[in-house]
Amino acid sequence: MSEERSKISLRKGPKRKNRPTISAPRQISAPIPNNDGPAVPRSTGGRPVAITGSEGPAPRQRPPPSTGGKTGDLVKRRYSTRFNNLPSDFDAEKPPVPSIPNIDLAKYDQSASLRPPPTRGPGGAPPVVDPKALRDPRLIPEQYVAAILSEATEDEIRDYEDALRKLKVRASSDLQQNVYQNRTQFIKISKEAEKLKSEMRSLRNLFKELETNTNALRAASNKDGSTGEFSTGLSKRDKRSSVADRTALWNSQMQALYKNVEGSQKFLPNSMGRHVVQNAGPWIELDNATYKSRRSMQIFLLNDHLLVASRKKRKVDNPNDVRGPATKLVADRCWPLLDIEVVDMATSSEAYSGSSKLAGAIMVRGVGQESFIYRTEKPEDSEKATLLLNIRKAVEELRKNLQSEMEANNKAKETINYFASRDPGLLQKTELLETLSDIKDMLIEVDGKQQNLRWVEGQMDELDIDIALQRFDMSVDRVEKLKNLARGLKNNAIAQDFINFKVEERSSKLAGFIVRELVETHDKSQKTRRNVSWLNRLGFEDRAREAYLEARSDLIQKRCRQCIFQGDLHLYIWQLSFVYFCIIRNTVSCFQSCFPQAMMSACVKWAKEEVDAFNIILSRQLSSTERGGEVWNQCMERAKLHAQMLEAVQLDFRDLVGKDPPQDKPKVAGPVGLGLT
């Protein structure tokens, strides 16, 4: 194989005997002459141009291709090919191209704002913050920033950062406002929930009382039907478990107890809320040592006491009289429920060591380790279990009431400490401070809603915040609202005094801030009018008037000190008179527009005092000149000319200008010492 490859060569073949001769290059300075046809100019691009007329030779004819050879056959085929063969259904009369329909280009032209933005380049639009894209939970900040700011310049990046910061500030303010709104709603809902909770607690207590009354009525009716010894004397209509008839029912029970148990009123005086819970029926008192029967007893359970009455035979004068019962009940012992302990003897250790007589017995341990044992007449009687259950319930109710009273007292003390600590000035109001314990749960009506005094304290806190931030308009509105609220509480003098005391203290503080601002801006009529209006609404008109006029007097003194006497008396008097009367005119004009008309007398009095002060200065300066002389007359004329400015505010003080100031009367020398001559 390698031998065959070695025999193959690109130079293999017959060698050419006659090699082509390459002629030397020739310089062409003119077109090559064409002997067979006309010359073709260069301007035609090498193409023959038709020659009109008989001038010039005929165009050269292309020589026909040679017929011999393969190349000539291909050229012949090329020239014989036709490229414009027309179809059979070609119509020469039809237009070559159909007409273009009329299209409204404005309809399809998109505005620049609707067109999609082109790819960013050096002169593209700057990036804009898109809040919708930022709210997307699937947003990846790094990719978003890289896509938006990839081609942005440094200034555009800085502008984009400022826009993001503004958006953050706006979002923060919106969030803060939402937090404030939610806090207000939460406080309102909390107050409503607390109110609803207290109402539900009251309703639960009423249901418990209703259940207790129902059980008491049922027990009393059963006893009346079985023994007929203890009757309440109420009809069926009166025995209904109604909260409205509860007090009447309890009073009837106590009257029946006083009637049937002799001496019971000595142990149980009539008091509010005291009532009979259970009539436990007949019992037998046992001896503490031998457990032998001593005497027949009857036990009555009240809501706060346990009464034990002994059965005694009634002394009858006439043996034939059988109308009354043969026995009577006499009160023997009575204990407060919180001072005794009732023990079931059946479950105690003594019951196992004793006889079976203690199965239905109870032990009452009183004060001083004194104990008594009582047993039911019938061992299978259920009165013992009912009595123990009712005693346990009554003790729990008493402890709850005692705890609630202690909490109420503590709350009253806390209320006093709360108001006194928040407002130390309240300690000076001893009478009002003593009544705070009584108004701890007092409610006042505000815009149709019941509010307590803590709501008033909340309003005072908001008023203090407005005063501290110098939001005087809101502060004055809140003060007026609280004053109107206190004015409407005519039937509640305690709450009215409390609110008035709080409001007056804040009003004085607020008026002090407004007066200070009035003194600082007395030369600006608009601010002066606003400050005076606030003080009038707060009820400090006199304080506003005095502060304003005093500030204007200080201004006159300040401007007069700025007038320097440099030797020209006429010029100096001209300056002083212009300062005095110009400021007096402006003050009276502003006073008329800001203060009530009833206070104009005070302003006129102030103007008169300032004119007298000017006369004192004028007489002192003209004391070195001749009275009635030329200089004296010129100064007086100039002062009276300036005094005519007061006519613009309906004041005429020209006759007072130049008038001698009143001389102080010399004191009459009186007796010295004891007055002895």
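Refer to the preceding data block for the structure.
Residues numbered from 1 in each chain as written. Predicted model: local features only at pLDDT ≥ 70, side-chain atom pairs only at ≥ 80, totals over all residues. Heavy atoms only, no water.

Undergrad: Help me understand unusual backbone geometry in this model?
TA: For residues that are not glycine, phi is negative in most cases, and the peptide bond is trans in most cases. Even without being glycine, Q470 reaches a positive phi, approximately 60°. By the element assignment, Q470 lies in the loop between α12 (453-468) and α13 (472-488). Given the relative accessible area of 45%, Q470 is considered partly exposed. One non-glycine residue with positive phi stands out, namely Q650, at about 60°. Mapped onto the elements, Q650 comes out in the segment after α19 (630-643). A relative accessible area of 64% places Q650 in the exposed class. (Helix = DSSP H or I, 4+ residues; strand = E, 2+ residues; numbered from the N terminus. Buried < 20%, exposed > 50% of the residue type's maximum accessible area, 1.4 Å probe, protein only.)

Undergrad: Hey, could you run me through the layout of surface pockets in this one?
TA: Gaps between atoms show up when a probe of the same size as a water molecule is rolled over them. Taken as a whole, the second largest pocket holds about 1,400 Å³ of empty space. As for the second largest pocket, its lining consists of 37 residues, of which K208, E209, T212, K393 and E397 are closest to the centre. Residue assignment for the lining of the second largest pocket shows that the elements contributing at least two residues are α6 (154-226), α7 (246-260), β2 (276-286) and α10 (383-422). Examining the composition of the lining of the second largest pocket, we find that 15 residues originate from one element, α6, more than from any other. Across the lining of the second largest pocket, the residue classes tally to six nonpolar, 17 polar and 14 charged. (1 Å grid on protein atoms, 1.4 Å probe; cavity = no way out; pocket = protein on both sides within 12 Å on 5 of 7 lines; lining within 4 Å. Points joined across faces, edges and corners; volume = space filled by probe spheres on them. Nonpolar A, V, L, I, M, F, W, Y, C, P; charged D, E, K, R; others polar.)

Undergrad: I keep staring at the pattern of salt bridges and nothing clicks. Help me out?
TA: Pairing between side chains becomes possible if they bear opposite charge and their charged atoms approach one another. Summed over all chains, the structure comprises 25 salt bridges. One salt bridge connects K328 with E262, and the closest N-O pair in it is separated by 3.5 Å. With K328 in strand β5 (residues 327-336) and E262 in strand β1 (residues 261-262), this pair connects stretches of sequence that are 66 residues apart. The shortest N-O distance in the salt bridge between R274 and D304 comes to 3.1 Å. (Salt bridge = Lys/Arg side-chain N within 4 Å of Asp/Glu carboxyl O.)

Undergrad: Sorry, what's going on with the pairing of strand β3 (residues 293-302) here?
TA: A regular strand places its side chains so that they alternate between the two faces of the sheet. Bridge analysis of β2 against β3 gives nine bridges, and the strand direction is antiparallel. When the sheet's bridge partners are listed, I284 is paired in β3 with S296. The hairpin turn running from β2 into β3, its antiparallel successor, is six residues long, and Y291 in that turn takes a positive phi close to 60°. Counted between consecutive antiparallel strands, the loop separating β3 from strand β4 (residues 305-313) contains two residues. (Pairing = 2+ DSSP bridges.)

Undergrad: Got a minute to help me understand the packing of helix α17 (residues 569-594) against α19 in this structure?
TA: How two helices pack is summed up by the angle between their axes together with the distance between the axes. The geometry of α17 relative to α19 is characterised by a closest axis approach of 9 Å and an angle of 20° between their N-to-C directions. With respect to α19, the axis of α17 lies roughly parallel. Crossing of α17 against α19: the hand is right-handed. Contacts from L569, H570, I573, W574, S577, F578 and F581 of α17 reach α19 at V631, Q634, C635, R638, A639, H642 and A643. (Axes fitted to C-alpha atoms, helices over the stretch in contact; angles between N-to-C directions. Parallel < 35°, antiparallel > 145°, perpendicular 65-115°, else oblique. Left-handed = near helix turned anticlockwise from the far one by under 90°. Contact = heavy atoms within 4.5 Å.)

Undergrad: What is the right way to read the side chain of D304 from this model?
TA: Counting through the fold element by element, D304 comes out in the loop between β3 and β4. Residue classification places D304 among the buried residues on the basis of a relative accessible area of 17%. Here R274 takes part through its side chain, which lies 3.1 Å from a polar atom of the side chain of D304. Here the side chain of D304 touches H305 through a polar contact of 3.2 Å, side chain to side chain. (Polar contact = N/O pair within 3.5 Å; in protein donor to acceptor, adjacent residues only side chain to side chain.)

Undergrad: Where do I start with the pairing of strand β7 (residues 361-365) in this structure?
TA: Summarising burial for β7: four of the five residues are buried, a large majority. The pairing of strand β6 (residues 341-344) with β7 spans four bridges and is classified as antiparallel. Each residue of the ladder has a partner; that of D344, found in β7, is I362. Note that β7 and strand β8 (residues 371-376) share five bridges and pair antiparallel. Within β8, the position partnered with A361 by the bridge is R375.

Note that every value here comes from positions in space, so none of it alone points to a role or purpose.
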